[in-house]
Amino acid sequence: MPKSDHNRQHLRDTLQGIAAGSRVFVCGHTRPDGDAIGSVLALQRALLARGVDATPVLADNGSVPEPYLWMAGSDAYQRPDQLTGQRADYFITLDTPDFGRLAEAGPLLLAAQYSLIIDHHPPLQENYADLRYVQEDAASCGQLVWNLLHEMQWSCDPDIATACYVATISDTGSFQFSNTTQQTFRAVGEMIASGARPADIAAKLYNQKPLAALQLEGRILSRAKLLNGGAVIHSYLSDADLQELGVANDWTEDLVDLIRCVRDTEVALFITQSSKGPRLSLRSGSGFDVSEVARQFGGGGHKAAAGITWSDKSASLEQILDAVLPQLPCRSGKDCSETALWDSDWKIVEP
């Protein structure tokens, strides 16, 4: 299988060349966020409108996160174990720079006759598909998909506009992050004109949480600590918290944003520990490039937002912080050679 990058025209030609009746799997990354869900549903529904047999696919054998179940087409998602032995004509992966984040869906891509990557993240590895298109200045993969659909003059109904809006509002932090540009607002304006309803979408995304999710947020805030002389704000959660409070993992997306607002800090570091191993979320509001730090530990992302799936699944909180903190900013004149005293309730709970 040839591995090489291709330009935007080649991508458009390939998408437009997908014949009616073709079998297409459209998939985002494991533990999908709003951008992965929104961009997948937008492209899948646009293909359906052209007579293509397009199916949205989860990367792992879980379920669609509860905050997105209201979206049109969410009930059409298939798990990889439901597609075992089936071969797609095309496999399109969105918002997924690393093959490993396709998880259980990886074999479906390898079995497909042709595979494509559409993304806005810097590539983390050699191209793992036949065609890859990356536009790093797009605020979200959903914005990239929206622009592609317009360039190809494909029909964009209110459901497609809503999906792209969800993707964009999610990846820009409700238009608070530095990736929000004039081009972002231009695209969002088009989505609204095509039927996306911002107030309704915001209400469904942010104002329908279970009480236990708010209690979890309170626990995270109570653990927040200033590290590296006040340059880093840090907190964490574990499986034990979710089990004790009765919170589904669906409600753990973007919890790093709870602490990133602390004034005079440069980087927010949030660690989620589960039976699958630690996951780190890094956010920068100072110009510090957290993606460079993430790449040192096998992760990646953008300059202002990056993530790491920790390679040692049994690593303790102390071990992770001892490795990561020296790579993060430290206040001048402060001793950042030692970590603080860590909470005693950090532990891994097997499912």
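Rules and cut-offs
Residues numbered from 1 in each chain as written. Predicted model: local features only at pLDDT ≥ 70, side-chain atom pairs only at ≥ 80, totals over all residues. Heavy atoms only, no water. Helix = DSSP H or I, 4+ residues; strand = E, 2+ residues; numbered from the N terminus. Expected span 1.5 Å × (residues − 1). Buried < 20%, exposed > 50% of the residue type's maximum accessible area, 1.4 Å probe, protein only. Arc of directions from axis to C-beta. Contact = heavy atoms within 4.5 Å. 1 Å grid on protein atoms, 1.4 Å probe; cavity = no way out; pocket = protein on both sides within 12 Å on 5 of 7 lines; lining within 4 Å. Points joined across faces, edges and corners; volume = space filled by probe spheres on them. Nonpolar A, V, L, I, M, F, W, Y, C, P; charged D, E, K, R; others polar. Pairing = 2+ DSSP bridges. Axes fitted to C-alpha atoms, helices over the stretch in contact; angles between N-to-C directions.

Participant: Describe in detail helix H8 (residues 211–222), supporting the description with residues and values.
Facilitator: For H8, with 12 residues, the first-to-last C-alpha span of 17 Å sits near the 16 Å given by 1.5 Å per residue. Among all positions in H8, only Ala 212, Ala 213, Leu 216, Glu 217 and Ile 220 are buried. Each buried residue of H8 lies within a common arc of 150° when the element is viewed along its axis, so the set occupies one face. Among the exposed residues of H8, those oriented more than 90 degrees off its buried face are Leu 211 and Ser 222. Where H8 is buried, its residues contact strand S7 (232–238), helix H9 (239–245) and strand S8 (267–274).

Participant: Give a detailed account of the layout of surface pockets, specifying residues and quantitative values.
Facilitator: What the second largest pocket holds in volume is close to 570 Å³. Put simply, the parts of the chain that give the lining of the second largest pocket at least two residues each are helix H5 (158–171), helix H7 (198–206) and H8. Along the lines of polarity and charge, the residues of the lining of the second largest pocket split into 11 nonpolar, five polar and seven charged.

Participant: Please give an account of the sheet that holds strand S3 (residues 90–94) that cites residues and values.
Facilitator: Spatially, the five strands line up as an open sheet ordered S2-S1-S3-S4-S5, and their pairing is parallel. Every interior strand has two partners, whereas the edge strands, strand S2 (53–57) and strand S5 (131–134), have only one. Ignoring strand direction, the axes of neighbouring strands in this sheet form an average angle of 15°. For strand S1 (residues 23–27) and S3, the ladder comprises four bridges, and the chain directions are parallel. Pairing of Phe 25 across the sheet is with Phe 91, part of S3. Against the sheet, helix H2 (residues 34–48) engages S1, S2, S3 and strand S4 (114–119), with an angle of about 170° to S2. Together, S3, S4 and S5 form the strand contacts of helix H4 (residues 141–151), whose direction differs from that of S4 by roughly 115°.

These figures capture arrangement, not role.
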